[in-house]
Amino acid sequence: MNPMTLTIGLLGEHLENSLSPLIHRNFICYYSLNYCYLPFQIKTENLEKAIFGAKALGIHGLNVTIPFKEKAMGFMDNIDPAAETIGAINTIVRKNEKLYGYNTDWNGFREPLKKKMKTKLINKRAVVLGAGGAARSVIFALAEEGCPVISIFNRSKDRALEVKRNFKNIFPQCEIRTFSFQRKNLQGEIDNVDLLINTTPLGSWYYPGQNPLPEGIKLSSKAIVYDLIYCPDRTPLLSWAEINGNRILNGKEMLVYQAAESFHLWTGLYPDQEIITKILSKIRKKENL
Ligand code: NAP
């Protein structure tokens, strides 16, 4: 580090297990940039002070993670239209003394489908499990890429309805359906689905061994099953789908691609596939240690 080093970092409440420092330090190293990426673990009540403090200190950029993605929007001078529609930011860029908020989760979700699965979303029918912050990024990406029908299943129907209301006017060509988690509804929508996406935490280390799908659900082996959870590598949903013959994707690629997009916003450089692949392999090894 020297007086010209640009600081970027991560704002969140619990950062002990965050992979963002590892990802960004690898990007920085790969391009030999005079940047440093630091985790800033703060209490909720200090969010405003932390953001304005970062602005005053000349911090070049920040990632924002749970539980600040929505709240942080209120402290920006400018918000990117995609982030505005999604209702959350995960990246802040400081330009000319002003703070700009962006959302790169939707991009992070889309890239592995394009690059790894070689799948275009146009005319694909999707089922989304969950209606929280991550689901909003997913639904934005799906609608933006031309999915004609998106069926949302959520524990609380009100939250799903709120998401539908939010996206209906922005994407009038996309039919958004909302359901509560009932086996009968789920089977009906899953029968013709091309892409099934889990955005609930069921199956993560926090809810180990849980599958968001009820037992006995039948899914065509042609569908892609995408679980946003990145730890463990194979959630019960993905293990089940693999046995069923589906192509599967976990949340690790999404995590790295959303970071790549943030890095691009801060540096103007979009990370090479070579470094992205290297980081993914490091993350997998780390998990197996
Ligand atoms: P969130 O805003 O809290 O939303 C959680 C969603 O899951 C809500 O729809 C909630 O339903 C549902 N849910 C929570 N507990 C449930 C339970 N016990 N049974 C049924 N449904 C339940 O969280 P989020 O930010 O969207 O994150 C969701 C998941 O995505 C997390 O596992 C997170 O790690 C993952 N994620 C991954 C990436 C990545 O880069 N791979 C990025 C972002 C998020 P209600 O509305 O009924 O509460």
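Residues numbered from 1 in each chain as written. Predicted model: local features only at pLDDT ≥ 70, side-chain atom pairs only at ≥ 80, totals over all residues. Heavy atoms only, no water.

### A short note on the pattern of salt bridges
We count it as follows: Counted as salt bridges are all cases of a side-chain nitrogen of Lys or Arg within 4 Å of a carboxyl oxygen of Asp or Glu. Only runs of H or I of at least four residues qualify as helices and only runs of E of at least two qualify as strands under DSSP, and these elements are numbered from the N terminus. Relative accessibility under 20% of the residue-type maximum defines a buried residue, over 50% an exposed one, and the middle range a partly exposed one, all with a 1.4 Å probe and only protein chains included.
A complete count under the given rule lists 15 salt bridges for this structure. Salt-bridge contacts for Arg136 lead to Glu70; the nearest nitrogen and oxygen are separated by 3.1 Å. Separated by 66 residues along the polypeptide, Arg136 in helix H5 (residues 133-144) and Glu70 in the loop between strand S3 (61-64) and strand S4 (78-79) bring together distant segments of the chain. Using a relative accessible area of 39% as the deciding quantity, one classes Glu70 as partly exposed. Glu111 serves as the salt-bridge partner of Arg110, at 3.5 Å between the closest nitrogen and oxygen.

### With respect to the domain arrangement of the protein chain
Rule in force here: Domain limits in this description derive from either an automatic procedure or a database domain assignment. Contacts: residue pairs with any heavy atoms within 4.5 Å of one another. The quantity reported as buried area is the accessible area (1.4 Å probe) lost by two parts once they are put together, taken as the sum for both. We define a polar contact as two N or O atoms separated by no more than 3.5 Å, with the added condition that, inside protein, one atom must be a possible hydrogen donor and the other a possible acceptor, whereas residues neighbouring each other in sequence contribute only through side-chain atom pairs. Ten residues, namely Ala, Val, Leu, Ile, Met, Phe, Trp, Tyr, Cys and Pro, are considered nonpolar, four, namely Asp, Glu, Lys and Arg, are considered charged, and the remaining ones, Gly among them, are considered polar.
Partitioning the protein chain into domains gives domain 1 (6-103 + 253-287) and domain 2 (107-250). Look at where the C-alpha atoms of domain 1 and domain 2 centre, and you get two points 25 Å apart. Counting residues at the interface gives 18 residues for domain 1 and 22 residues for domain 2. Of the roughly 1600 Å² buried between domain 1 and domain 2 on both sides combined, carbon and sulfur atoms contribute 59%. The three residues of domain 1 that bury the most area against domain 2 are Thr85, Ile86 and Met254, which together make up 38% of that side's buried surface. Counting across the interface, domain 1 meets domain 2 through two salt bridges. Inspection of the domain 1/domain 2 interface yields five residue pairs in polar contact (both at pLDDT 80 or more). Mapped onto the side of domain 1 that touches domain 2, the elements with two or more residues apiece are helix H3 (81-86), helix H9 (252-267) and helix H10 (273-288). Considering each element in turn, the side of domain 1 that touches domain 2 owes the most residues, six residues, to H9. Grouping the constituent residues of the side of domain 1 that touches domain 2 by class yields eight nonpolar, five polar and five charged.

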